[in-house]
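# Chains, contacts and geometry: an overview
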Amino acid sequence: MSETTFDVIVLGLGAMGAATLYQLAKRGVRVAGIDRYSPPHDLGSSHGATRITRQAVGEGAAYVPLAIRSQQLWRELEAERGVNLFEQCGVLIMTATTTATSHHGRPDFTRTTLELARQYGIQHQEWDGATIRQRFPQFRVADDALGYFEPGGGYLYPEACIQAQLNAARERGAQIHIDTVIEGLEQDEEGVRLHSAQGSWRAKRVIVAAGMWSSELLGAPFDRLLRVCRQTLHWFEVANPTLFPPDSPSFVLAHGSGDSDLFYGFPPLPGENAIKVATEQYQDNTTPIGIDKFPHPDESSQLFSNQVGRWIGGLSARAVRSAVCAYTVTPDFGFIIDEHPRLPGVTVVSACSGHGFKHSAALGEALAQRVTTGRSDIDLGSFSLARFG
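Residues numbered from 1 in each chain as written. Predicted model: local features only at pLDDT ≥ 70, side-chain atom pairs only at ≥ 80, totals over all residues. Heavy atoms only, no water.

### Regarding the nonpolar core
Counting residues in hydrophobic clusters, the biggest one holds 46 residues, and the most contacted among them are Leu21, Leu24, Val31, Trp74, Ile337 and Leu380. When residues of this core are traced back to their parent elements, those giving at least two are strand E1 (3-11), helix H1 (15-26), helix H2 (64-81), helix H5 (158-171) and helix H9 (360-373). Considering every element that reaches this core, the biggest residue donor is H1, with seven residues. If sequence neighbours within four positions are ignored, leucine 21 has contacts with Val10, Leu13, Val31, Ala32, Gly33, Leu166, Ala169, Ala174 and Ile176. Judged by nonpolar contacts, the second largest core, of 32 residues, contains Phe6, Leu225, Leu226 and Leu385. (Core = buried A, V, L, I, M, F, W, Y, C linked by side-chain atoms within 4.5 Å. Buried < 20%, exposed > 50% of the residue type's maximum accessible area, 1.4 Å probe, protein only. Helix = DSSP H or I, 4+ residues; strand = E, 2+ residues; numbered from the N terminus. Contact = heavy atoms within 4.5 Å.)

### Overview of the sheet that holds strand E4 (residues 86-87)
Reading across from one edge, E3-E10-E4 is the order of the three strands in this open sheet, with antiparallel pairing throughout. The sheet is open, and its two borders are formed by strand E3 (51-53) and E4, each paired with just one other strand. (Pairing = 2+ DSSP bridges.)

### Considerations on the side chain of glutamate 299
With respect to the secondary-structure elements, glutamate 299 resides in helix H8 (residues 297-311). Side-chain polar atoms of glutamate 299 contact the side chain of arginine 230, separated by 2.7 Å. For glutamate 299, the residues in contact, after removing those within four places along its chain, are Arg230, Thr232 and His234. (Polar contact = N/O pair within 3.5 Å; in protein donor to acceptor, adjacent residues only side chain to side chain.)

### Quick look at the domain arrangement of the protein chain
It is common to report an interface's size as the accessible area lost on association of the parts. Splitting the protein chain by domain gives domain 1 (4-47 + 158-225 + 332-388) and domain 2 (91-151 + 227-329). Taking the mean C-alpha position of each, domain 1 and domain 2 sit 30 Å from one another. Between domain 1 and domain 2, the contact holds 17 residues from the first and 15 residues from the second. Surface buried jointly by domain 1 and domain 2 totals about 1,400 Å² across both partners, of which 60% is contributed by carbon and sulfur atoms. Summed over the three residues of domain 1 that lose the most area to domain 2, namely His47, Met212 and Phe333, the buried surface amounts to 44% of that side. Where domain 1 packs against domain 2, one counts zero salt bridges. Taken together, the residues that form the side of domain 1 that touches domain 2 break down as seven nonpolar, seven polar and three charged. (Domains from an automatic or database assignment. Buried area = accessible area lost by both parts, 1.4 Å probe. Salt bridge = Lys/Arg side-chain N within 4 Å of Asp/Glu carboxyl O. Nonpolar A, V, L, I, M, F, W, Y, C, P; charged D, E, K, R; others polar.)

Written as structure tokens, this is what we have:
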């Protein structure tokens, strides 16, 4: 079989891979993208119709420049492609009461979000529970709740974002190979070689953004640092539309001390009499082969009875739709963006622990800058492997 050589190959064309491929192609790099399916698809982590985006990010200060720059890039991509990618409806991050909360391993997530907004000069408002209920009556939080409202936030259309970047990359000369499973990587004096049943490819540099398939492909130390957690998404019917103002925001609502004592959601989309809501679980691990890809009715009913129905009014317990996705999670819920310690020429950009999509446009730009100039405008040092020892 013939072997094709590129300057860079991007492996995995979800959120991170599509953005990186697009940014490399913009810079004239001879680049190819490879995916085991046909992106955008619903078999990984970059689907579900909507994804929250905001600028103040409670996971930590290292993420804020990425979130801010990504929003700028989404707007630029919208103008270039003539498509709608980013709905700026605002984002409300809140606690249900004064109970201490945690999210992605960060205690007091809402308070941290407020502090970062002040630090970076991000437009926002701080609300108590009474103000939250007055402004958005669907939320049944207590008077002593804490709310952070960011009018510049909202949600992205993930499938449209990926498609727009892949189309733009292809028009700039990038080759895209779909339905192609890479079975292994090896490094030699000429670069990195990728093997598949369809053939082989070679590149000076390979960027692996393979999501939940990263561990088995990359080996140590990633096989001990990455785990895959199955997540479910649910669309609950709106029973009382008067409780949902036309300017209702995307939201994150925390009501307990555990990372799963939280759910997030979106306003009803035009033409849909339902809101998408999801929680997160990190207790049960799965694998790319073993993941149960089908949601079950009891998962919707449990989410509604245990969480959603307690804190949001105006909804029916009937789920009109459900879906499954996978989070690839690190021990500290942070990203891994670093060189592979045993494979020179291989950069790993994956394991985004469920909060990566809002940052993906800027991460793609930063990686393209590193490949072409040796450095990126945004410091990625916080995401190195060194923090795991």
